[in-house]
Amino acid sequence: MSLQCGIVGLPNVGKSTLFNCLSNAKAQAANFPFCTIEPNVGMITVPDERLTRLAEIDNPKKVIPTTIEIVDIAGLVRGASRGEGLGNKFLANIRNTDAIIHVLRCFSNNNITHVDGTIDPVRDKETVDTELMLKDLETIENRLSKIQKQAAVGGDKTAKRQVELLQAFQKALEQGKPARSVEIDKEDKKLFSDLSLLTLKPVLYVCNVDEDSAKDGNEYVEQVRRAIADEHAELLVVAASTEADIAELESHEERQAFLEEIGLQESGVSRLIKMAYKLLDLETYFTTGADETRAWTYTRGTKAPQAAGIIHTDFERGFIRAEVIKYADYTTLGSEKACREAGKIGIEGKEYVVQDGDIMHFLFNV
């Protein structure tokens, strides 16, 4: 399952520094706009303590974590929706992502320039949001001009529903609200999958702070928190420059000691990856044994046959049943054999909705 989160924001807010912490790829982190002209892409391992625990129990030959893709996209400037700066590249690149990580500068540093001269993360947020909204309005107006005629003369119920929703999006955008502020269900979302509305994508706002604010944030962070109170969005505080220092340390023990020194239990990078995974509405099931312990990514709400199909299409096509062990039972009892003897293996059919942390074995026949 290949899913992407795009890191966006104004120039010089710490996007590339954060990307470098997330990935082994080394985007150029320089003190001038547009140092990232082509999107840098990194495959990021999703940290999961459960996978580590299962590997400790089964001691497999291979341990395979799940991953998501992170894309560092060129900095946006005011007027991007009209093609200013690298606006066309920015908007095209972000359209291809599944979720947005919006980095906001929440620190002062006279050695790092700001494109607008002063530090104001709410203004910066609104600059990016406005450009995305303007582009979405243009997209919606183009679609409405085509589909309104179809809805009026053809009696097409789907077309009529599309018009209703497009007009609801249009109204929200004209009021300065993102498309995701409009409540729609999963079936309605399918009607717009080809539109790729930028402000319909889930968003995680990352407040990039100095080291002293890494634990509790600062007034800039509180300003952002108030500004997004009515949005369907998440917020995370990260000190990107500090994360870069942590990434340079050799051992896990050194990194953990550094974190404890600044009052953190877990790195901002680890928290960001987990939140990005959640943002994409993803969960994890496991397969484990002597040969391999592996984490598999699926979308929340997936049923057993479709989860089996993530391993191989034949598993879904010939699905018979799934044997399911709950993570807590497996780690408490210590093996599949012990779970079987204790009657802790559930036999599930085609309608079973996979739960986060399930340990699964699929039976199939093709």
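Look a little higher up for the structure.
Reference entry: report on the structure contained in this document. (Residues numbered from 1 in each chain as written. Predicted model: local features only at pLDDT ≥ 70, side-chain atom pairs only at ≥ 80, totals over all residues. Heavy atoms only, no water.)

**What to know about empty space enclosed by the protein**
Inference 1: Enumeration over the complete set of coordinates arrives at one cavity of 30 Å³ or more.
Inference 2: In this model, the largest cavity occupies a volume close to 80 Å³.
Inference 3: If you trace the largest cavity, you find it lined by Ile 100, His 102, Asp 129, Leu 132, Met 133, Pro 178, Arg 180, Leu 198, Thr 199, Val 203, Tyr 205 and Glu 231.
Inference 4: Sorting the residues of the lining of the largest cavity by element identifies strand E5 (99-105), helix H4 (121-154) and strand E6 (203-208) as the ones contributing at least two each.
Inference 5: Counting residues per element, the lining of the largest cavity draws most heavily on H4, which supplies three residues.
Inference 6: Here the residues of the lining of the largest cavity sort into seven nonpolar, two polar and three charged. (1 Å grid on protein atoms, 1.4 Å probe; cavity = no way out; pocket = protein on both sides within 12 Å on 5 of 7 lines; lining within 4 Å. Points joined across faces, edges and corners; volume = space filled by probe spheres on them. Helix = DSSP H or I, 4+ residues; strand = E, 2+ residues; numbered from the N terminus. Nonpolar A, V, L, I, M, F, W, Y, C, P; charged D, E, K, R; others polar.)

**Focus on helix H1 (residues 15-22)**
Inference 1: The buried fraction of H1 amounts to seven of the eight residues, a majority that puts the element mostly inside the structure.
Inference 2: Within H1 the residues assigned to the buried category are Lys 15, Ser 16, Leu 18, Phe 19, Asn 20, Cys 21 and Leu 22. (Buried < 20%, exposed > 50% of the residue type's maximum accessible area, 1.4 Å probe, protein only.)

**Some remarks on the sheet that holds strand E4 (residues 67-72)**
Paired through backbone hydrogen bonds, the strands of a sheet run either parallel or antiparallel to each other.
Inference 1: The sheet built from six strands is open, its strands ordered E2-E4-E1-E5-E6-E7 with mixed pairing. Edge positions in the sheet fall to strand E2 (40-45) and strand E7 (233-238), since each has one partner strand and no second. With strand direction ignored, the average angle separating the axes of adjacent strands in the sheet is 25°.
Inference 2: Here E5 pairs with E6 via six bridges, running parallel. For Arg 105, the partnering residue across the bridge sits in E6 and is Asn 208.
Inference 3: Those strands touched by helix H10 (residues 268-279) are strand E1 (4-8), E2, E4, E5, E6 and E7, and its axis lies near 170° from that of E7. (Pairing = 2+ DSSP bridges. Axes fitted to C-alpha atoms, helices over the stretch in contact; angles between N-to-C directions. Contact = heavy atoms within 4.5 Å.)

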